[in-house]
Amino acid sequence: MTTITDDHASWWLAPLSEPQAELASDAAGLSSDEAKSRLQRFGLNSFRAQQDKSLLRQYLSRFKNPLVIILLVASAVSAFTGEVSNFIIISCIVLLSVTLDFVQEYRANSAAEKLSRSVSVRARVLRDGQPVDIPVTGVVAGDLVVLSAGDMVPADGRVLEAHDFFVKQSALTGESYPVEKRPGELAATASELQEASNAVFMGTSVVSGSARMRVVRTGADTAIGAIADSISRPAEPSSFEIGTRRFGVLIMRLTVIMVLFVLLTNTYFHKPWLDSFLFAVALAVGLTPELLPMVVSVTLARGAMRMAKKHMIVKRLSAIQDLGSMDVLCTDKTGTLTEAKIRLEKHVDAQGQPSEHVLELAYYNSFFETGLKSPLDEAILAHQHIETGAWKKIDEVPFDFERRRVSVLIDNGQTRWLVVKGAPDEIVALCTQYEVQGEATPRALDAAALETIRTQYHALEEEGYRALGIAWRQVSQDHPHAVVSDESELVLAGFAAFLDPPKASAASALAALDRIGVAIKIVTGDSDLVTRHVCAQLKIPVSGLLTGKEIAQLDDYALQARAETTNLFCRVNPAQKDRVILALKARGHVVGYLGDGINDAPSLHSADVGLSVDSAVDVAKEAADMILLKPDLHVLHAGVLEGRRTFGNIMKYIMMGTSSNFGNMFSMAGAALFLPFLPMLPTQILLNNILYDISEIPIPLDKVDAADIHSPRVLDMNFVRNFMLVIGPISSLFDFLTFYVMLTVLQADEKLFQTGWFVESLCTQVLVIFIIRTHGNPLKSRAHPLLALTSLIVVASAVLLPFTPIGSYFGFVPPPAKFYLILGIMVLVYLFVVELAKRGFYRWAAVAGR
């Protein structure tokens, strides 16, 4: 990260020759060797992601967990009081738990990060005289960067040449509208960013035109790097993040209540304070789902890798959950519902007759404009080559989404024309005359002619054509610049009509999304007539329609009500798209947005899941959470199902942790009321907890029932709490039954009681996984082989541990054979009762949810 110019803030005021001399580079750009040298000297062009902690610091940060700190301190105290074995056992268990968590999560995140980098934003620079595309992080001071509409500016630098170059820099300066940038020297008073018309800044985006810039500052030395901390705001939490936060609060409250209860009870009965304290802390560890971050990370990373195989790259891992929960997808029709292979089919005058003059004017406009070339421009230029001859461009007014038109000022040495093309409604409204073939003089546009003309282009739209109005006016030879006010008193030449046929696969993809509960809402700048035609071809029923003009008349509350029942939003601008998405979110929907243009960036940010395609402009790719490598809704359908599988596996861990595990910990706290000794030693609780955690590590690999991916689901804490209140008490009931067997039937002393309950609680906790992991019959829904194997190994370890030398270190003694017979019967009855309760709960939940 560096600057090679002088250190004063307003580096754009330095004479251009000065930085050029310092940078020691020419019009061919840097050599590859020089660029590599500068990258090694000054570092990557980044001010956030590359400031990652070392692996050691990341590992040590795991020990910041308050429960881990308390355990280590308490074990150290026990060592000072002579309980060295306690200290060693607790320290080893904590170390093993932290290491397990770190390794799994690190591997998962590394894999996901590698995928994300594969679709990172790139910059076009000149190296060894040749244009090459490189990652933005590889840009160095002195690079010559080529910029065009849709690009993100990769660093701060001076503009060397520009052609109608407009940049949106509101993130830095707060300016609402794009500003024009051009090369040249500035007055010494132009010391503010807003006044730096000869410089561009990292993080801003090119709206129209093209330019070359010389990189002057990179990384943290850029304007945005210097203020990154002050302007960066955390993203709005997603629906899944909100759910996990509520889950954490629920567990924290339960843990605090349980620990305080145990401490007060043990204090009242005058039990040893250190043992009571360690017992309470171990109980808190048992209640805390400390593996949840690891399970979430590993499950999401595996989901991201599976999605990559299905042509979707995940940039934000938590977006996988939101994709699975998505119940509304907002999308434009071009490229998703249609082939995006737009062809110019007709060029007609105002009377609907074929007109070569309309084609000629449309060609000049598309050929000379330097803004972002749309598919319509490409279709015009590909339709027929027209010699521009002596015509030269003088100026242009770039396209914007408010005006919905673009104008170019051209001159052939004898006459000067302003040629305008854009949305038919907008163009016709600006015209006062219209051409008639065979007549040298245009006719005045009166009310009758206006009605006929509107009928003409509406007829084209009803047939599925996308129409553009083509108009012009002659200006004086000394007319120097084109401005918006020039777009008036135009002569209507006619219309260019384009066809973009629906995709053959779109209808089946839409039907598939509908079957899994995802509603499609089309949000487009096209006319309602064209959009209705496409919907009819794809058999999409139109439940309601809103135009941009109608949206402008609605306040937010009215829009929320209308958006709920509307599935076509036509003639909308970017701000209105954003309002539609926010309105749907306000109604409780999880909203996805699929877009690929400059105007889609705000909506991609606002949606719960921002989706774009690999061919999108940089601004859209940067804003998106996921990138589709194929612009096909079938790819998205596969991604939604993968998101639901991922969500289903995370829910398994949460449901198990808050039911069976909670029940056992509740029993432990209850036992403290009537037992003269601790129901389980602190080291035994920790061992129980880590063995249970090991059994659950393969959960991310597990299959998910078809019923779980049939409809969108969100992390509903009321559902989780109710499940806990149904299954948890069953677990506690069998724990108390175990207490009765140990104390009355087996006449157990302290060590045998603790051993028996350790074995029983671990067996029930682990084996109930096979019941809770599926809504249906556990005998018909097979668990992943590794999950089954790990669980059975943990159960076998619990049964055999009391007979090993290691068991004696934990205070275990071998139970009698009669205990294992009773245990086997109790475990089978327990699993049967939990299965009945689970089925009853889901039946009740289904009725309550209707």
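Quick caveat: nothing in here was measured; it's all calculated off a predicted structure.

Chemist: What should I look at first to understand the overall build of the protein chain in this one?
Modeler: Within the protein chain one finds 32 helices and 23 strands. Counting the 850 residues in the protein chain, one finds 55% classified as buried. Nonlocal contacts in the protein chain, meaning residues at least 24 apart in sequence, comprise 74% of its contacts between residues at least 6 apart. Within the structure as shown, the protein chain displays about 36,200 Å² of accessible surface, and the carbon and sulfur contribution to it stands at 59%.

Chemist: Honestly, the side chain of His637 in this entry has me stumped. Any pointers?
Modeler: Secondary-structure assignment places His637 in helix H24 (residues 633–657). In this structure His637 touches Ala512, Leu513 and Ile516, once residues within four positions along its chain are discounted.

Chemist: Which parts of the structure should I look at to understand the sheet that holds strand E18 (residues 519–523)?
Modeler: The strands making up a sheet are joined through hydrogen bonds of the backbone, oriented either antiparallel or parallel. Taking strand neighbours across the sheet as the criterion, the 8 strands line up as E8-E23-E22-E21-E9-E18-E20-E19 in an open arrangement whose pairing is mixed. Two strands bound the open sheet, and with one partner strand each, they are strand E8 (312–314) and strand E19 (545–547). Ignoring which end each strand starts from, the neighbouring axes of this sheet average 20° apart. Taken together, the 2 bridges between E18 and strand E20 (residues 568–570) define a ladder with parallel strand orientation. Within the sheet, the bridge partner assigned to Val523 lies in E20 and is Phe569.

Chemist: It is not clear to me how H24 should be interpreted in this structure. Could you clarify?
Modeler: Three- or four-residue spacings in an α-helix give side chains the same orientation, since the helix completes a turn every 3.6 residues. Between its first and last C-alpha, H24 extends 36 Å over 25 residues, near the 36 Å set by a 1.5 Å rise per residue. Taken across its 25 residues, H24 has 22 buried, putting it largely inside the fold.

Chemist: It is not clear to me how unusual backbone geometry should be interpreted in this structure. Could you clarify?
Modeler: Apart from glycine, the bulk of residues carry a negative phi angle, and the bulk of peptide bonds sit in the trans form. For His311, which is not glycine, the phi torsion reads 70° and is therefore positive. Looking at where His311 falls in the secondary structure, it is placed in the loop between helix H11 (292–309) and E8. The phi torsion at Glu489 lies on the positive side, around 50°, for a residue other than glycine. Its place among the elements puts Glu489 in the loop between strand E16 (466–475) and strand E17 (490–499).

Chemist: Got a minute to help me understand the environment of Pro679 in this structure?
Modeler: Inspection of the secondary structure puts Pro679 in the loop between helix H25 (660–671) and helix H26 (682–696). Sequence spacing of Pro679 and Ala669 is 10 residues, and the spatial spacing of their C-alpha atoms is 8.7 Å. Discounting chain neighbours no more than four positions away, the residues touching Pro679 are Phe279, Met668, Ala671, Phe753, Gln754 and Trp757.

Chemist: Is there a simple way to think about the nonpolar core in this case?
Modeler: Side chains of nonpolar character tend, in soluble globular proteins, to be buried together. With 144 residues, the main nonpolar core has Met312, Leu323, Leu329, Leu611, Met626, Leu633 and Phe758 as its most contacted residues. A total of 12 residues in this core trace back to one element, the largest contributor, which is H24. Once residues lying within four places of it in the same chain are set aside, the contact partners of Leu611 are Met312, Leu323, Leu329, Tyr593, Leu594, Gly595, Leu604, Ala624, Met626, Leu628 and Leu636.

Chemist: Could you clarify how one ought to interpret the pattern of salt bridges in this entry?
Modeler: Note that side chains of opposite charge can pair when their charged atoms are close. This model, assessed by the stated rule, comprises 29 salt bridges. Linking Asp600 and Lys577 is a salt bridge whose minimum nitrogen-to-oxygen distance equals 3.2 Å. Of the two residues, Asp600 sits in the loop between strand E21 (591–594) and helix H22 (601–606) while Lys577 sits in helix H21 (residues 574–586), which places them 23 residues apart along the sequence. The exposure classification of Asp600 matches that of Lys577, with both residues buried. Look at the salt bridges and you will find they share partners, linking Arg306, Lys310, Glu642 and Arg645 into a network.

Chemist: What is the right way to read the packing of helix H28 (residues 750–767) against helix H30 (residues 785–800) from this model?
Modeler: The geometry of a pair of packed helices is captured by two quantities: the angle between their axes and the separation between those axes. Contact geometry of H28 with H30 gives a least axis separation of 9 Å together with a crossing angle of 170°. Regarding the angle of H28 to H30, the classification is roughly antiparallel. Touching Phe758, Val759, Leu762, Cys763, Val766 and Leu767 of H28 are Ser791, Leu792, Val794, Val795, Ala798 and Val799, all from H30. Partitioned by chemical class, the residues of the contact of H28 with H30 number 11 nonpolar, 1 polar and no charged.

Chemist: I tried to follow the side chain of Asp526 on my own but got confused; where do I start?
Modeler: Within the secondary structure layout, Asp526 lies in the loop between E18 and helix H18 (528–537). A polar contact of 2.7 Å, which involves the side chain of Asp526, links it to the side chain of Arg466. Ignoring sequence-local partners within four residues, the contact set of Asp526 consists of Lys333, Arg466, Thr531, Cys570 and Arg571.

Chemist: What is the right way to look at the environment of Val419 in this model?
Modeler: You can see Val419 is positioned in strand E13 (residues 416–422). Sequence spacing of Val419 and Leu361 is 58 residues, and the spatial spacing of their C-alpha atoms is 6.7 Å. If we ignore the near neighbours within four places in the chain, the residues touching Val419 are Leu361, Asn365, Val406, Ser407, Val408, Ile410, Ala471 and Trp472.

Chemist: Explanation requested: the pairing of E17 in the structure shown.
Modeler: Consecutive side chains along a regular strand alternate between the two faces of the sheet. Burial runs high along E17: 9 of the 10 residues are buried. Here strand E10 (residues 343–349) runs beside E17; their pairing, made up of 6 bridges, is antiparallel. By the bridge assignment, Arg343 is partnered in E17 with Leu499. Bridging between strand E14 (residues 431–434) and E17 involves 3 bridges; their strand directions are parallel. Within E17, the residue paired with Gln433 across the bridge is Val491. The sheet contact formed by E16 and E17 spans 7 bridges and is antiparallel.

Chemist: What is the right way to read the environment of Gly663 from this model?
Modeler: Positionally, Gly663 belongs in helix H25. A relative accessible area of 0% places Gly663 in the buried class. For the pair Gly663 and Phe734, spaced 71 residues apart in the sequence, the C-alpha separation amounts to 9.5 Å.

Chemist: Hey, could you run me through the packing of H24 against helix H27 (residues 717–745) in this one?
Modeler: Interaxial distance between H24 and H27 falls to 9 Å at its minimum, and their mutual angle equals 45°. If you check the angle between H24 and H27, you find them oblique. Considering the relative orientation of H24 and H27, their crossing is right-handed. For the pair H24 and H27, the contacting residues are Met651, Ile654 and Met655 in the first and Phe719, Val720 and Phe723 in the second. For the contact of H24 with H27, the residue count by class is 6 nonpolar, no polar and no charged.

Chemist: Any chance you could explain the packing of aromatic side chains here in plain terms?
Modeler: Aromatic rings considered in pairs are described by the distance between their centres and by the relative angle of their planes. As enumerated under the stated definition, the model contains 24 aromatic pairs in all. With a centroid separation of 5.0 Å and 40° between ring planes, the pair formed by Trp417 and Trp472 is classed as tilted. Of this pair, Trp417 sits in strand E13 while Trp472 is found in strand E16, placing the two residues 55 residues apart along the sequence. An identical accessibility class is assigned to Trp417 and Trp472; each is buried. Ring geometry for Phe677 and Phe753: centres 5.6 Å apart, planes at 70°, overall edge-to-face. Of the two residues, Phe677 sits in the loop between H25 and H26 while Phe753 sits in helix H28, which places them 76 residues apart along the sequence. Among the residues examined, Phe677 registers a relative accessible area of 13% and is labelled buried.

Thresholds, definitions, all that
Residues numbered from 1 in each chain as written. Predicted model: local features only at pLDDT ≥ 70, side-chain atom pairs only at ≥ 80, totals over all residues. Heavy atoms only, no water. Helix = DSSP H or I, 4+ residues; strand = E, 2+ residues; numbered from the N terminus. Buried < 20%, exposed > 50% of the residue type's maximum accessible area, 1.4 Å probe, protein only. Contact = heavy atoms within 4.5 Å. Areas by Shrake-Rupley, 256 points an atom, 1.4 Å probe, with all protein chains shown as cover. Pairing = 2+ DSSP bridges. Axes fitted to C-alpha atoms, helices over the stretch in contact; angles between N-to-C directions. Expected span 1.5 Å × (residues − 1). Core = buried A, V, L, I, M, F, W, Y, C linked by side-chain atoms within 4.5 Å. Salt bridge = Lys/Arg side-chain N within 4 Å of Asp/Glu carboxyl O. Parallel < 35°, antiparallel > 145°, perpendicular 65-115°, else oblique. Nonpolar A, V, L, I, M, F, W, Y, C, P; charged D, E, K, R; others polar. Polar contact = N/O pair within 3.5 Å; in protein donor to acceptor, adjacent residues only side chain to side chain. Left-handed = near helix turned anticlockwise from the far one by under 90°. Phe/Tyr/Trp six-rings, centres within 6.5 Å; stacked < 30°, edge-to-face > 60°.

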